[in-house]
Amino acid sequence: MESIVVFDSGLGGVTALMEAIRAMPSENFIYYGDTLHVPYGPKDAERIRAYLDEMMAYVDAFNPKAVLLACNTATVTSAKYLRAKYAIPIIGMEPAVKPAIEHDRSHKRVLVLSTEGTSRSERLLTLVDRFDDEHIVDILPLPNLVDFAERLEFDTDEVRADLEAIFSSFDMDEYSAVVLGCTHFIWYRDLFKKILPEHVELLDGNAATVRQLQRKLGERIVTEGAGSLKIHLTGPRDPRVLNFLRETVPMEFDELMSTEYGK
């Protein structure tokens, strides 16, 4: 039985997984969250590629027909490497820079929120250069938000204080759009709406990435019957996280225990 693999450094890619399940409810999905090594943002490319090779070795038993890298840092450091090494489609995340620039012709600025690793990446800088003819795009790394998300802290005083301190150096009235350039950040969409001006549009790349996955699969997409989901988290088993996933993900799933922490 073939499967679609959705990968993330932790829990952020669950937002892309849910988008994929809604689009292809009859498919069999494997979610691989590398919670043992999250966050990826501060790590070097060589180490991230080693983690991804471990992921590919693990999911091979599930006959993957495509891998969705629901992690911007993994995409910018390793998508090209994986495509050269493995003979299945590797679909990467791309921040919604082009839609953000095009969605509003008011000539206001666009702010791209990212991890530290993605903010420094040649891929993101090249993407911005390709579409930012009027030089209206700024990139802002959020160094703490991934850790907050992994601890399931979505709207606490500490999270609010962290974001408000970072945004305080920007006049957000000058911006028409904010790009959520990390799947972890999508968990904070409601909080961003509360702390940013009402006119600021929030955009992410999940829907476009799932459409690209569908294009790559073409006629191989399963369209009949009930789909399935298996979730593998590499870190220690955390009942709080599993309860959160069971309440959030729109499909029942089987838990694949880590070989290191499988007890």
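Since the model is a prediction, treat every value here as computed from it, not as a measurement. (Residues numbered from 1 in each chain as written. Predicted model: local features only at pLDDT ≥ 70, side-chain atom pairs only at ≥ 80, totals over all residues. Heavy atoms only, no water.)

*Asks:* Honestly, a positive patch on the surface in this entry has me stumped. Any pointers?
*Replies:* On the surface, a cluster of positive charge is contributed by Arg83, Lys98, Arg123, Arg130 and Lys216. Mapping Arg130 onto the fold places it in helix H6 (residues 122-131). (Patch = residues over 30% accessible without salt bridge, like charges linked within 9 Å, V, L, I, M, F, W, Y side chains within 5 Å. Areas by Shrake-Rupley, 256 points an atom, 1.4 Å probe, with all protein chains shown as cover. Salt bridge = Lys/Arg side-chain N within 4 Å of Asp/Glu carboxyl O. Lys, Arg positive; Asp, Glu negative; His and termini not counted. Charge placed at Lys NZ, Arg CZ, Asp CG, Glu CD. Helix = DSSP H or I, 4+ residues; strand = E, 2+ residues; numbered from the N terminus.)

*Asks:* Even after reading the chapter, I still don't get the packing of aromatic side chains, so can you show me in this structure?
*Replies:* Geometry of an aromatic ring pair is reported as the spacing of the ring centres plus the angle between the planes. This structure, assessed with the given rule, holds eleven aromatic pairs. Where Phe7 meets Tyr40, the ring centres are 6.1 Å apart and the plane angle is 40°; that geometry is what we call tilted. With Phe7 in strand E1 (residues 3-8) and Tyr40 in the loop between strand E2 (28-33) and helix H2 (45-59), this pair connects stretches of sequence that are 33 residues apart. Across this residue pair, the class does not change: Phe7 and Tyr40 are buried. Geometrically, the ring pair formed by Phe167 and Phe192 is edge-to-face, given 6.2 Å between the ring centres and 80° between the ring planes. Taken together, the positions of Phe167 in helix H8 (residues 157-167) and Phe192 in helix H9 (residues 189-195) put the pair 25 residues apart, joining distant regions of the chain. Exposure class is identical for Phe167 and Phe192. Each is buried. One aromatic cluster in this structure is built from Phe7, Tyr32, Tyr40, Tyr51, Tyr58 and Phe62. Across from the ring centre of Phe253, 4.2 Å away, lies the NZ or CZ of Arg246, which sits over that ring. (Phe/Tyr/Trp six-rings, centres within 6.5 Å; stacked < 30°, edge-to-face > 60°. Buried < 20%, exposed > 50% of the residue type's maximum accessible area, 1.4 Å probe, protein only. Lys NZ or Arg CZ within 6 Å of the ring centre and 35° of its normal.)

*Asks:* Would you explain the nonpolar core in this entry?
*Replies:* Soluble, globular proteins show a tendency: their nonpolar side chains are buried together. One finds Leu113, Phe192 and Leu229 to be the most contacted residues of the largest nonpolar core, which totals 58 residues. In this view, Leu113 contacts Leu140, Leu142, Phe167, Val178, Val179, Leu180, Gly181, Cys182, Phe185 and Phe192; residues no more than four positions away in its chain are not counted. One finds Phe7, Met55, Val59 and Phe62 within the second-largest nonpolar core, a separate group that totals 20 residues. (Core = buried A, V, L, I, M, F, W, Y, C linked by side-chain atoms within 4.5 Å. Contact = heavy atoms within 4.5 Å.)

*Asks:* Just checking my understanding: could you explain the sheet that holds strand E6 (residues 137-141) for this structure?
*Replies:* Strand-to-strand pairing in sheets goes through backbone hydrogen bonds, with the strands running parallel or antiparallel. With parallel pairing, the four strands of this open sheet are ordered in space as E6-E5-E7-E8. Of all the strands in the sheet, just E6 and strand E8 (201-203) have a single pairing partner and so form its edges. Each neighbouring strand pair of the sheet contributes to a mean axis angle of 25°, computed without reference to strand direction. (Pairing = 2+ DSSP bridges. Axes fitted to C-alpha atoms, helices over the stretch in contact; angles between N-to-C directions.)

*Asks:* Would you explain the packing of H2 against helix H3 (residues 72-85) in this entry?
*Replies:* Angle between the axes and distance between the axes: these two values describe a pair of packed helices. One way to put it is that H2 packs onto H3 with a least axis distance of 9 Å and a crossing angle of 55°. Our classification of the angle between H2 and H3 gives oblique. Note that H2 runs across H3; the crossing there is right-handed. Side by side, H2 and H3 meet where Ala45, Ile48, Arg49, Leu52, Asp53 and Met56 of the first sit next to Thr73, Ala74, Thr77, Ser78, Tyr81, Leu82 and Lys85 of the second. Considered class by class, the residues forming the contact of H2 with H3 number seven nonpolar, three polar and three charged. (Parallel < 35°, antiparallel > 145°, perpendicular 65-115°, else oblique. Left-handed = near helix turned anticlockwise from the far one by under 90°. Nonpolar A, V, L, I, M, F, W, Y, C, P; charged D, E, K, R; others polar.)

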